[in-house]
Amino acid sequence: TEAATDVPTEAATEAPQLTERAKKLLEQNPDTVGYITIAGTQVDNPVVQTFDNEYYLDTGFDGQEFRAGTVFMDCTDMFGAYPEAWSENIVLYGHNMADNTMFGSLRRYRQDPEYYKESPFIEFSSNYADYTYVIFGLLITGGDADSDFLYWQQEELDDKTAFDDYVKSVEEKNMIDNPLDVSVGDSILTLSTCYSDEDNSRFLVVARRLREGEDKETLLATIQKGTEDSSAAQE
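Nothing here was measured: the structure is a model prediction, and the numbers come from that model.

1. Looking at unusual backbone geometry
Okay, so step 1: For N100, which is not glycine, the phi dihedral falls at a positive 75°.
Okay, so step 2: The topology assignment puts N100 in the loop between β4 (89-93) and α2 (107-111).
Okay, so step 3: Under the relative-accessibility criterion, N100 is labelled partly exposed at 23%.
Okay, so step 4: Not every positive phi belongs to a glycine, and M102 is a case in point at roughly 50°.
Okay, so step 5: With respect to the helices, strands and loops of the structure, M102 is situated in the loop between β4 and α2.
Okay, so step 6: Accessibility expressed as a relative area gives 12% for M102, which makes it buried.

2. Some details on the pattern of salt bridges
Okay, so step 1: For the coordinates displayed, the defined rule picks out nine salt bridges.
Okay, so step 2: Note that K23 and E20 form a salt bridge whose closest N and O atoms lie 3.1 Å from each other. Of the two residues, K23 and E20 both sit in helix α1 (residues 20-28), three residues apart, roughly one turn of that helix.
Okay, so step 3: Residue R208 is joined to D186 by a salt bridge in which the shortest nitrogen-to-oxygen separation is 3.9 Å. Taken together, the positions of R208 in strand β8 (residues 201-209) and D186 in the loop between α3 (160-173) and β7 (188-196) put the pair 22 residues apart, joining distant regions of the chain. Like D186, R208 is buried.

3. Re the nonpolar core
Okay, so step 1: Among the nonpolar cores identified, the biggest contains 60 residues, and I36, L92, L106, I122, F124 and L191 are the most heavily contacted of them.
Okay, so step 2: It is strand β6 (residues 130-142) that provides the largest number of residues to this core, a total of seven residues.
Okay, so step 3: When residues no more than four places from it in sequence are discounted, the contact partners of L92 are I36, V47, V71, F72, M73, F103, F124, L189, T190, L191 and S192.

4. Details of a negative patch on the surface
Okay, so step 1: Side chains of E156, D158, D159 and D165 sit close together on the surface and give a patch of like negative charge.
Okay, so step 2: Note that D159 resides in the loop between β6 and α3.
Okay, so step 3: Looking at D159, the relative accessible area reads 37%, which means it is partly exposed.

5. Let's talk about the packing of aromatic side chains
Okay, so step 1: Within this structure, the stated rule accounts for seven aromatic pairs.
Okay, so step 2: With 5.3 Å between their ring centres and 15° between their planes, F79 and F124 make a pair best called stacked. Highlighted residues: F79 in the loop between β3 (72-73) and β4 and F124 in strand β5 (residues 121-126), separated in sequence by 45 residues.
Okay, so step 3: What makes F79 buried here is its relative accessible area of 0%.
Okay, so step 4: Aromatic rings pair up to connect F79, W86, F124, Y131 and Y133 into one cluster.

6. Some words on the side chain of S192
Okay, so step 1: Mapped onto the elements of the fold, S192 is located in strand β7.
Okay, so step 2: Beyond its immediate sequence surroundings of up to four residues, S192 is in contact with L92, Y93, G94, F103, Y151, R202, F203 and L204.

7. A look at the pairing of β4
Okay, so step 1: Among the five residues of β4, five are classified as buried, and the element is accordingly described as predominantly covered.
Okay, so step 2: Pairing between β3 and β4: two bridges, direction antiparallel. For F72, the partnering residue across the bridge sits in β4 and is Y93.
Okay, so step 3: Bridge count for β4 against β7 is five bridges, and the pairing is parallel. Counted as the bridge partner of N89 is I188 from β7.

The rules we used
Residues numbered from 1 in each chain as written. Predicted model: local features only at pLDDT ≥ 70, side-chain atom pairs only at ≥ 80, totals over all residues. Heavy atoms only, no water. Helix = DSSP H or I, 4+ residues; strand = E, 2+ residues; numbered from the N terminus. Buried < 20%, exposed > 50% of the residue type's maximum accessible area, 1.4 Å probe, protein only. Salt bridge = Lys/Arg side-chain N within 4 Å of Asp/Glu carboxyl O. Core = buried A, V, L, I, M, F, W, Y, C linked by side-chain atoms within 4.5 Å. Contact = heavy atoms within 4.5 Å. Patch = residues over 30% accessible without salt bridge, like charges linked within 9 Å, V, L, I, M, F, W, Y side chains within 5 Å. Areas by Shrake-Rupley, 256 points an atom, 1.4 Å probe, with all protein chains shown as cover. Lys, Arg positive; Asp, Glu negative; His and termini not counted. Charge placed at Lys NZ, Arg CZ, Asp CG, Glu CD. Phe/Tyr/Trp six-rings, centres within 6.5 Å; stacked < 30°, edge-to-face > 60°. Pairing = 2+ DSSP bridges.

Structure (structure tokens):
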């Protein structure tokens, strides 16, 4: 079920309303916390959250056993109606399915990092509102407790040191030259899927929520110009 959040007092008198999509999904599964879509991929899924990070690994959205599981949010994340009460880094997990379902189609970014220039945006909704995120990191990292980047334990990034450490870890492993600035106060979204069963590694897609006043067209131009400048510098 959706994690509890602190309700800001100034907003308490005007409680956010569930979207029509959320109402329908919650009727099907009360664990629904949101929805994720990425243009140019097959990612178009409801997102659930429950008391652990095991149940939805092999349980479908309908509650039946299902090998592909369901896209789910880390059980420790704070998420809901009020963004100011969210965890600073929301982590979503989905299987790397061969038929491109769940997070399987994310492999396109890994196989061709240039694809980032064509489709850098993630639409991620809560049960109450729609948000747009822009990708700034693509990386492969370990999924074990002895990994040098325990991204699944770095979700409360409310101080500058913790936030900067997270972004630095992303940049150190980044497959792309990130032309975007990312700073404390930004809302981060990390998508995690399997990369290799042999060494239990993970492929991550990391994005930040668009800030007030930002628009997709300007950000896309910045990304395309940034990657072009980087290519020119290497020639």
